[in-house]
Amino acid sequence: MTSTHVKIQNFINGEFVDPVSGQFIDNIEPATGLVYGQVPDSTSDDVQIAVDAAKDGYSVWSTTPKEERSRIMLKIADLIEADIDNFARAESRDTGKTFNLAKLVDIPRACKNMRFFATAILHHEDMASEIDGQAISYTVSQPIGIAGLISPWNLPLYLLTWKIAPAICVGNSCIAKPSELTSVTAWMFANVCNEAGLPPGVVNFVFGLGPKAGQAIVEHPDIPLLSFTGGTATAEHIIKASAPQYKKLSLELGGKNPNIIFNDANINKCVATTVRSSFANQGEICLCGSRIFVQSGIYDEFVERFLEQVKEWKVGDPNDDTSKMGALISEFHMEKVLHYINLGKEEGRILIGGERVNLEGRCQNGYFVAPTVIEVTDPCCSVMQDEIFGPVVCIMKFETEEEVIELANDVNYGLSATIWTENIGVANRLGMQLEAGTVWVNCWLQRDLRVPFGGRKHSGIGREGGKYSIEFFTEQKTICVNYERAKY
């Protein structure tokens, strides 16, 4: 991405086209606060054109042998990997995250997503069973049609491919709407699809705002399934809007994840990992551990060592190799985070951070906030209950195992949790009792793409990953064949 001004187009039926309305949205670089491109402001008219293309794409792709689908998907991964610097630079510029993070995590994970499902479909098994010598029943997993995919701004290509890969590996076509804030790598991905030989209409991108383009995808009668990652309020709207058509839904939403540290934790490993789980990607990861509970026996030592390392967590230009943290996604989001920091000053005590970071040079108008740690005593205060989705964590002391289970579960969310202990009994007891879809013990964000991923309570509906994604993007049909000899 060497262009200073990036004007992207919708990608429909293998071609790049302007929105029907001719209207575009300014795209702002978070690190500078300046407009650097434009994104289509698509409407239901554009979605309808994409649906027509996706129908044609589905008729071809659903009958394409899985070996050929796999080959094309692997080619897509190879082409992204070969251009990793440009993809990472674009992702960094669009999101505000550091270039190093985009190159080390985001883009490699996008390639891994494509490769994982490209090969998984070659080994997928259906089942068969016999009924007492009378008949045999067998199942077939069939693609459903057009998948509507709505992805968020925090991990744009990473999470977009997490949806596209399982959707198309089984033979569906798709219409994807990335966040209007971070659409550039999706547009680059579209170029790669053409280069890899993906048939027209299999993957379509309609860029724009949720209330226009997103709403049209959710409501369209010819899009039978929807996969959404984003905020809880938007998910509630999607559920209501799609309910009259009985659409199949997968919703991966927010989190207010507990990070539980016992007296016997390996404090060196624990502190270093907790800094990362608190502030990686500016804290704009749904899996960040934003509530830190530390047992009283090591509380003071942990806090001292934790703050020492947070001080070294440099906020700076995303292009600077020494920067650990870049800019927040937008001015609006920055103001939301600062609002919660101000609440934290009333509800607790700021131990470090608590302010906007003003840089010099090209980033002087960027949306930077210092990593912030708030010490609290009330588990029901706003900063302990609400998802802030920024570089803000709360820290609180606990005494007993029973107490911390109650504290950890006392939120509306249930996405993930982290436990630090050398006691395998404690780890297993908490793992079973914590209301979370994923529990990490003595680690964070170690992901196995084969296992189910998703949340409880307000953190989502359904599971993604491995066979769970394949099951979501297919319909399982049972066929029963009677072979019993006629008795007449």
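Just above sits the structure.
Predicted model, so just to flag it, every value in this text is computed and none were measured.

What counts and how
- Residues numbered from 1 in each chain as written.
- Predicted model: local features only at pLDDT ≥ 70, side-chain atom pairs only at ≥ 80, totals over all residues.
- Heavy atoms only, no water.
- Helix = DSSP H or I, 4+ residues; strand = E, 2+ residues; numbered from the N terminus.
- Rg over C-alpha atoms; globule rule 2.2 N^0.38 Å.
- Contact = heavy atoms within 4.5 Å.
- Areas by Shrake-Rupley, 256 points an atom, 1.4 Å probe, with all protein chains shown as cover.
- Lys, Arg positive; Asp, Glu negative; His and termini not counted.
- Charge placed at Lys NZ, Arg CZ, Asp CG, Glu CD.
- Patch = residues over 30% accessible without salt bridge, like charges linked within 9 Å, V, L, I, M, F, W, Y side chains within 5 Å.
- Salt bridge = Lys/Arg side-chain N within 4 Å of Asp/Glu carboxyl O.
- Pairing = 2+ DSSP bridges.
- Axes fitted to C-alpha atoms, helices over the stretch in contact; angles between N-to-C directions.
- 1 Å grid on protein atoms, 1.4 Å probe; cavity = no way out; pocket = protein on both sides within 12 Å on 5 of 7 lines; lining within 4 Å.
- Points joined across faces, edges and corners; volume = space filled by probe spheres on them.
- Nonpolar A, V, L, I, M, F, W, Y, C, P; charged D, E, K, R; others polar.
- Right-handed = clockwise from strand over helix to strand, strands pointing away.
- Expected span 1.5 Å × (residues − 1).
- Buried < 20%, exposed > 50% of the residue type's maximum accessible area, 1.4 Å probe, protein only.
- Phe/Tyr/Trp six-rings, centres within 6.5 Å; stacked < 30°, edge-to-face > 60°.
- Core = buried A, V, L, I, M, F, W, Y, C linked by side-chain atoms within 4.5 Å.
- Arc of directions from axis to C-beta.

Bringing the overall build of the chain into the picture now. When helices and strands are tallied, the chain shows 15 helices and 23 strands. Here the C-alpha radius of gyration of the chain, 24 Å, is about what a compact globule of 488 residues would show, namely 23 Å. By its C-alpha atoms, the chain is 80 × 60 × 40 Å across when sized along the principal axes. Long-range pairs, those at least 24 residues apart, make up 74% of the contacts in the chain between residues at least 6 apart in sequence. For the chain, the exposed surface amounts to about 19,900 Å²; the carbon and sulfur share of it is 50%. A gap of 3 Å separates the mean positions of the 43 positive and 61 negative side-chain charges of the chain.

For the rest of this paragraph, the subject is a nonpolar patch on the surface. On the surface, Ile136, Tyr138, Val481 and Tyr483 cluster together into a nonpolar patch covering about 320 Å² of accessible area. The topology assignment puts Val481 in strand E23 (residues 474-482).

Sheet strands pair by backbone hydrogen bonding; their relative direction is either parallel or antiparallel. With respect to topology, 7 strands assemble into an open sheet ordered E15-E16-E17-E14-E13-E19-E20, the strand pairing being mixed. Of all the strands in the sheet, just strand E15 (349-352) and strand E20 (438-441) have a single pairing partner and so form its edges. Adjacent strand axes in the sheet meet at a mean angle of 25°, parallel and antiparallel pairs treated alike. Sheet contacts for helix H14 (residues 424-433): strand E13 (258-261), strand E19 (416-420) and E20; angle to E19, the most-contacted strand, approximately 165°.

Turning our eyes to something else, we now look at the layout of surface pockets. Approximately 970 Å³ is the volume found for the largest pocket. Along the wall of the largest pocket there are 36 residues; nearest its centre are Trp153, Phe228, Gly230, Gly231 and Thr234. Looking at the lining of the largest pocket, the elements that each hand over two or more residues are helix H7 (210-219), strand E11 (225-229), helix H8 (232-242) and helix H11 (331-347). Taken together, the residues of the lining of the largest pocket break down into 16 nonpolar, 15 polar and 5 charged.

Before going further, it helps to spend a moment on the pairing of strand E12 (residues 248-252). As defined by bridge partners, E11 adjoins E12 across 5 bridges and the pair is classed as parallel. Residue Leu226 lies in a different strand from E12, and its bridge partner there is Leu249. For the crossover that starts at E11, traverses H8 and ends in the parallel E12, the hand is right-handed. As judged from the 2 bridges shared by E12 and strand E22 (residues 460-461), these two strands associate in the antiparallel manner. Bridge assignment links Glu252 to a residue of E22, and that residue is Gly460.

Take helix H9 (residues 267-279) next. Here H9 spans 18 Å end to end across 13 residues, near enough to the 18 Å set by a 1.5 Å rise per residue. Buried within H9 are the following residues: Ile267, Cys270, Val271, Thr273, Thr274, Val275, Ser277, Ser278 and Phe279. At its buried positions, H9 is contacted by E13, strand E14 (291-295), helix H10 (299-311), strand E16 (372-375), strand E17 (392-398) and E19. Taken from the residues just after H9, Asn281 is the one with a positive phi, measuring 55°.

Under the counting rule described, the total for this entry stands at 10 aromatic pairs. Ring geometry for Phe11 against Phe205: centres 6.4 Å apart, planes inclined by 40°, an arrangement best described as tilted. Residue Phe11 is found in strand E2 (residues 10-12), and its partner Phe205 is found in strand E10 (residues 203-205); the two are separated by 194 residues along the sequence. The pair formed by Phe11 and Phe205 is uniform in burial state, with each residue classed as buried. Here the aromatic rings of Phe302 and Phe306 are separated by 5.4 Å at their centres, their planes lie at 15°, and the arrangement is stacked. With Phe302 and Phe306 both in helix H10, this residue pair falls 4 residues apart, about one helical turn. Both residues of the pair, Phe302 and Phe306, belong to the buried class.

Okay, the nonpolar core next. Judged by nonpolar contacts, the single largest core of 62 residues is most densely connected at Ile76, Ile164, Phe189 and Phe205. Ignoring any residue separated from it by four or fewer positions in sequence, one finds Phe189 in contact with Ile76, Ile80, Phe87, Met114, Leu157, Thr161, Ile164 and Phe205.

This part covers unusual backbone geometry. The backbone of Asn13 shows a phi angle near 60°, a positive value even though the residue is not glycine. Structurally, the position occupied by Asn13 is in the loop between E2 and strand E3 (15-17). By relative accessible area, Asn13 is classed as partly exposed at 35%. A positive phi is found at Lys457, a non-glycine position, where the angle reads about 55°. You can see Lys457 is positioned in strand E21 (residues 456-457). By relative accessible area, Lys457 is classed as partly exposed at 35%.

The next subject is empty space enclosed by the protein. Summed over the entire model, instances satisfying the criterion amount to 5 cavities of 30 Å³ or more. Roughly 110 Å³ of volume is contained in the largest cavity. Taken together, 15 residues make up the lining of the largest cavity; nearest its centre are Gly283, Ile285, Cys288, Ser290 and Phe389. Empty space within the second largest cavity amounts to approximately 70 Å³. Of all elements in the fold, only helix H13 (401-409), strand E18 (413-414) and E19 reach the threshold of two or more residues within the lining of the second largest cavity. Taken together, the residues that form the lining of the second largest cavity break down as 7 nonpolar, 4 polar and 4 charged.

Buried within H8 are the following residues: Ala235, Ile238, Ala241 and Ser242. End-on, the buried residues of H8 take up no more than an arc of 130°, which puts them together on one face. Exposed residues pointing more than 90 degrees away from the buried face of H8 are listed as Ala233 and Lys240. Check the buried side of H8 and you find it contacts H7, E11 and E12.

Moving on: the environment of Ile388. With respect to the helices and strands, the residue Ile388 is situated in the loop between helix H12 (382-385) and E17. Each C-alpha atom of the pair Ile388 and Asp132 lies 58 Å from the other, and the pair is 256 residues apart in sequence. Those residues in contact with Ile388 that lie beyond four places of it in its chain are Lys256, His333, Lys336, Val337, Tyr340 and Val383.

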